[in-house]
Amino acid sequence: MTDCLKKYWIFLLIALIGINYAGFYLLWKSMGISDALEHVESEQVIRKLKQKDFLYTLFADAFLILDFSLILLLLFMGGRKIVQLIIKK
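These remarks concern the structure in this document. (Residues numbered from 1 in each chain as written. Predicted model: local features only at pLDDT ≥ 70, side-chain atom pairs only at ≥ 80, totals over all residues. Heavy atoms only, no water.)

**Digging into the overall build of the protein**
Part 1: Secondary structure summary: the protein contains three helices and zero strands in total.
Part 2: In the protein, the order of α-helices and β-strands from amino to carboxyl end is α-α-α.
Part 3: Taking 89 residues into account, the globule formula puts the C-alpha radius of gyration at 12 Å, and the protein, at 20 Å, lies well above it.
Part 4: For the C-alpha atoms alone, the extent of the protein along its principal axes is close to 70 × 25 × 15 Å.
Part 5: Across the 89 residues that make up the protein, the buried fraction comes to 11%.
Part 6: For the protein, contacts bridging at least 24 residues in sequence account for 59% of all contacts bridging at least 6.
Part 7: A total accessible area of about 7,700 Å² is found for the protein, and carbon and sulfur atoms account for 71% of it.
Part 8: Within the protein, the 8 negative side-chain charges are centred at a point lying 19 Å from the centre of the 11 positive side-chain charges. (Helix = DSSP H or I, 4+ residues; strand = E, 2+ residues; numbered from the N terminus. Rg over C-alpha atoms; globule rule 2.2 N^0.38 Å. Buried < 20%, exposed > 50% of the residue type's maximum accessible area, 1.4 Å probe, protein only. Contact = heavy atoms within 4.5 Å. Areas by Shrake-Rupley, 256 points an atom, 1.4 Å probe, with all protein chains shown as cover. Lys, Arg positive; Asp, Glu negative; His and termini not counted. Charge placed at Lys NZ, Arg CZ, Asp CG, Glu CD.)

Below is the structure:
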């Protein structure tokens, strides 16, 4: 797995940036929907906006979970490397 990461790290970095951009875009759209919900009086429009808000929030949360899992993976890999360096000495 580390050989694959060494070979394609630039593509993974670009994909990670794209995923984070999409997550922040969905959060921004979700805030706009929440603002629109305050001014709408029709029940049908409120229901439709709440469904959109839930979907955007779901995807944004999935992106955040992906980011945190990637951070934990990198910490694990770095910790393992540090432990190996300490054991060699």
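Past the structure itself, the notes keep going.
**Structural notes on the packing of aromatic side chains**
Part 1: Counting across every chain of the model gives one aromatic pair.
Part 2: Considering the side-chain rings of Y25 and W28, the 6.1 Å spacing of their centres and the 45° angle between planes classify their relative orientation as tilted. Of the two residues, Y25 and W28 are both situated in helix α2 (residues 9–39); the distance of three residues between them amounts to about one turn of the helix.
Part 3: Accessibility expressed as a relative area gives 39% for Y25, which makes it partly exposed.
Part 4: Judged by its relative accessible area of 55%, W28 is exposed. (Phe/Tyr/Trp six-rings, centres within 6.5 Å; stacked < 30°, edge-to-face > 60°.)

**Side note on a nonpolar patch on the surface**
Part 1: A surface patch of nonpolar side chains, about 830 Å² in accessible area, is lined by Y8, W9, I10, F11, L12, L13, I14 and I17.
Part 2: Inspection of the secondary structure assignment puts W9 in helix α2.
Part 3: With a relative accessible area of 52%, W9 lands in the exposed category. (Patch = residues over 30% accessible without salt bridge, like charges linked within 9 Å, V, L, I, M, F, W, Y side chains within 5 Å. Salt bridge = Lys/Arg side-chain N within 4 Å of Asp/Glu carboxyl O.)

**A word on the packing of α2 against helix α3 (residues 43–88)**
Angle between the axes and distance between the axes: these two values describe a pair of packed helices.
Part 1: Contact pair α2 / α3: the axes reach a minimum separation of 9 Å and the direction vectors enclose 150°. The angle between α2 and α3 places the two elements in the roughly antiparallel class. Between α2 and α3 the crossing geometry is left-handed. (Axes fitted to C-alpha atoms, helices over the stretch in contact; angles between N-to-C directions. Parallel < 35°, antiparallel > 145°, perpendicular 65-115°, else oblique. Left-handed = near helix turned anticlockwise from the far one by under 90°.)

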